[in-house]
There are 2 protein chains.
Amino acid sequence: MNLGWREPYPLKDLLEVETSLPAVIDNDANCAALGEMWKGAGNGAKDLVCVTLGTGVGGGVITNGDIVHGVSGAAGEIGHITSMAEGGAPCNCGKTGCLETIASATGIVRIATEALNEGTPAGELAAVYKETGYVTAKDVFDSGKRNDQLALKVIDSVALHLGIALANIANTLNPEKIVLGGGVSKAGNVLLDPIKAQFLRNSFPRVAQSTEISIATLGNDAGVIGAAWLVKNKIAQA
Amino acid sequence: MNLGWREPYPLKDLLEVETSLPAVIDNDANCAALGEMWKGAGNGAKDLVCVTLGTGVGGGVITNGDIVHGVSGAAGEIGHITSMAEGGAPCNCGKTGCLETIASATGIVRIATEALNEGTPAGELAAVYKETGYVTAKDVFDSGKRNDQLALKVIDSVALHLGIALANIANTLNPEKIVLGGGVSKAGNVLLDPIKAQFLRNSFPRVAQSTEISIATLGNDAGVIGAAWLVKNKIAQA
């Protein structure tokens, strides 16, 4: 979430001064990953990557039981993995071809709308588009579940790039779990099955055997639960 | 290195029994990464990724000052990142389109040989190929340094895929350094400059500003120096 603070904003120090209590801070994606590690789909896994598929694509990376921040706090920018070497759509970050332009709700709508504007599309999704002038990511998944061919083509394209990105993260980190959260992850097996197929096809064999893709279980509570983990583990240590 | 041991081989236990001394073990790529972190190009960086470009492509990943092994020890399989979603060359691992099929010495020779067998190639590299019937990765870089167009096209293709893979690792981990080692890394600026250009183009802006690509400085000593780090840090802790 962008709150408009200018960096470096001394939030931790201000909180400690105002409350006279020790404080620990982290961003929403990292807290969600910690929450899922501790009490959610991670089930205590010490190596875990959490990917949130919402209006954007966010991520949190945990290795050896702790969050990875990187040298300037930009670790976990999984939405900005380059999925299309050439000809990708422009991203808000200034690059083109980012995973976020494909696997976010916004990206899915963009790909579907492009497909619906090619030639003379037929089927259920095309009928929705003709009637209302737009489609949502949920429309794409709902039509896909009823075997609409255009919707399934869109889902295959999303699953190809998301499956490769997750496989490449796993080829690098071999986490116990990759946890998918956010609104798009609620699509269910119509999306999860092709993602898993691409993940297996693109993972190093030992990674394919050991890294598991799971759906997040804590929903919007993941962040506060992860923040509680931080208090329990980081302040007690200090 | 594949020594033909069947897993799980109790090397650590056998060493401890035979020597009556505490032992610690890890693989060559991870030891090289630790060596470069401690005494080499990493210069103490706590978040570092080491990529060895040799006959294959290997990797070691360090976050928060420690090696990432992953759930089954397959972290760092950077050579098996999928660089070509479709139409890639077959890899020894059983997949297709792995980074290793492009950015290893073997991969560079393959791409060059394919280019030399297309149409009627001209220039220095083509002359070497016509005379000897083959080219080496060093031939490609040497010709590229003298502005041979076919060689530069091969180098651009290698740099595109390697630059994207390194950027995607950096978008996930934001390490302080990505250290390139192995024989191919000795090519110098004719390879490093286009890799850096693709890396910057494909990195999230804050990652591009903070993650640096460097050439390894310890050569073949990186592994033993990293092993010394393990003894110093892991056995003392135990």
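Rules of the game
Residues numbered from 1 in each chain as written. Chains lettered and ligands numbered in written order. Predicted model: local features only at pLDDT ≥ 70, side-chain atom pairs only at ≥ 80, totals over all residues. Heavy atoms only, no water. Core = buried A, V, L, I, M, F, W, Y, C linked by side-chain atoms within 4.5 Å. Buried < 20%, exposed > 50% of the residue type's maximum accessible area, 1.4 Å probe, protein only. Contact = heavy atoms within 4.5 Å. Helix = DSSP H or I, 4+ residues; strand = E, 2+ residues; numbered from the N terminus. Buried area = accessible area lost by both parts, 1.4 Å probe. Polar contact = N/O pair within 3.5 Å; in protein donor to acceptor, adjacent residues only side chain to side chain. Nonpolar A, V, L, I, M, F, W, Y, C, P; charged D, E, K, R; others polar. Least-squares fit on C-alpha atoms with pLDDT ≥ 70 in both. Phe/Tyr/Trp six-rings, centres within 6.5 Å; stacked < 30°, edge-to-face > 60°. Lys NZ or Arg CZ within 6 Å of the ring centre and 35° of its normal. Axes fitted to C-alpha atoms, helices over the stretch in contact; angles between N-to-C directions. Parallel < 35°, antiparallel > 145°, perpendicular 65-115°, else oblique. Pairing = 2+ DSSP bridges.

> Pulling in residues and values, what's your account of the nonpolar core?
Core analysis: the biggest nonpolar cluster contains 106 residues, and A:Leu166 and B:Leu166 have the highest contact counts within it. Non-local contacts of B:Leu166, meaning those with residues more than four positions away in its chain, are made with B:Val51, B:Ile178, B:Leu180, B:Ile195, B:Phe199 and B:Ile213.

> Let's hear about unusual backbone geometry: which residues, and what values?
The phi angle at A:Asn64 is positive, at roughly 50°, despite the residue not being glycine. Position of A:Asn64 relative to the elements: it lies in the loop between β2 (57-63) and β3 (66-67). The residue B:Asn174 is not glycine, and still its phi comes out positive at about 40°. Turning to its location among the elements, B:Asn174 is positioned in the loop between α7 (149-173) and β4 (177-181). Since its relative accessible area comes to 0%, B:Asn174 is described here as buried.

> An account of the interface of chain A and chain B is needed here, citing residue identities and associated values.
On the side of chain B, 42 residues touch chain A, which itself brings 42 residues to the contact. Together, the buried faces of chain A and chain B total about 3500 Å²; carbon and sulfur atoms form 54% of this surface. Where chain A touches chain B, the interface holds 23 residue pairs in polar contact (both at pLDDT 80 or more). The set of elements that each furnish at least two residues to the side of chain A that touches chain B consists of β2, β3, α7 (149-173), α8 (189-202) and α9 (205-210) of chain A. Top contributing element to the side of chain A that touches chain B by residue count: α7(A), with seven residues. Class assignment for the residues of the side of chain A that touches chain B results in 18 nonpolar, 16 polar and eight charged.

> Lay out the relation of the copies chain A and chain B in plain terms, naming residues and giving numbers.
Here chain A sits on chain B after a turn of 180° about the axis and a move of 0.0 Å along it, with an RMSD of 0.0 Å. One copy is carried onto the other by what is essentially a two-fold rotation axis. Same-surface contact between copies: 100% of interface residues of chain A are shared with the interface of chain B.

> Would you mind going over the packing of aromatic side chains in detail, with residue names and values included?
In this structure the tally under the stated criterion is zero aromatic pairs over all chains. In this arrangement the basic side chain of A:Lys39 is found over the ring face of A:Trp38, its NZ or CZ atom lying 4.9 Å from the centre.

> Describe the packing of helix α2 (residues 28-39) of chain A against helix α10 (residues 222-235) of chain A, listing the residues and the values that go with them.
Residues and elements named next belong to chain A. Remark: α2 packs on α10, axes separated minimally by 6 Å, with the N-to-C direction vectors making an angle of 80°. Judged by the angle between their axes, α2 and α10 are roughly perpendicular. Contacts from Cys31, Ala32, Leu34, Gly35, Glu36, Met37, Trp38 and Lys39 in α2 reach Ala222, Gly223, Ile225, Gly226, Ala227, Ala228, Trp229, Leu230 and Lys232 in α10. Split by residue class, the contact of α2 with α10 holds 11 nonpolar, three polar and three charged.

> Outline the side chain of B:Thr101, supporting the account with residue identities and numerical values.
Residue and element names in this part refer to chain B. Within the secondary structure, Thr101 is located in helix α3 (residues 100-103). Among the polar contacts made by the side chain of Thr101, one reaches the main-chain carbonyl oxygen of Cys98 at a distance of 2.6 Å. Setting aside chain neighbours within four positions, we find Thr101 in contact with Ala89, Pro90, Cys91, Gly107 and Arg110.

> Describe the sheet that holds strand β1 (residues 48-53) of chain B, listing the residues and the values that go with them.
Each strand in a sheet pairs with its neighbour through backbone hydrogen bonds, running either in the same direction (parallel) or in the opposite one (antiparallel). Residue and element names in this part refer to chain B. What the five strands build is an open sheet, ordered β3-β2-β1-β4-β5; its pairing is mixed. Both edges of this open sheet fall to β3 (66-67) and β5 (212-215), since each of them pairs with a single strand only. Sitting on the sheet, α7 touches β1, β2 (57-63), β4 and β5, and the angle it makes with β1 is about 160°.

> Which residues make up the environment of B:Leu21, and what values do they have?
Tracing the backbone through its elements, the reader meets B:Leu21 in the loop between α1 (11-19) and α2 (28-39). With 186 residues separating them in the primary sequence, B:Leu21 and B:Val207 have C-alpha atoms 43 Å apart.

> I'd like a description of the pairing of β4(B), backed by residues and values.
Two faces belong to every sheet, and in a regular strand the side chains alternate between them. All names here are of chain B. Burial analysis of β4 places five of its five residues in the buried class, which makes it a mostly covered element. On β4, burial covers both faces: Lys177, Val179 and Gly181 on one face and Ile178 and Leu180 on the other are all buried. As paired elements, β1 and β4 share five bridges and run parallel to each other. For Cys50, the partnering residue across the bridge sits in β4 and is Val179. As paired elements, β4 and β5 share four bridges and run parallel to each other. Residue pairing across strands places Ile178 opposite Ile213, the latter belonging to β5.

> Account for the environment of A:Ser72, naming residues and giving values.
Note on placement: A:Ser72 falls in the loop between β3 and α3 (100-103). With a relative accessible area of 27%, A:Ser72 lands in the partly exposed category. When residues no more than four places from it in sequence are discounted, the contact partners of A:Ser72 are B:Asn174, B:Arg206 and B:Ser210. Separated by 3.1 Å, the side chains of A:Ser72 and B:Ser210 make a polar contact.

> Any details on the pairing of β2(A)? Residues and values, ideally.
All names here are of chain A. Most of β2 sits out of view: six of its seven residues are buried. Adjacent in sequence and paired antiparallel, strand β1 (residues 48-53) and β2 are bridged by three residues. With two bridges joining them, β2 and β3 adopt antiparallel strand pairing. Counted as the bridge partner of Ile62 is Ile67 from β3. Linkage of β2 to β3, two consecutive antiparallel strands, is achieved through a turn of two residues, within which Asn64 is found at a positive phi near 50°.

Purely geometric stuff here, so don't read any function into it on its own.
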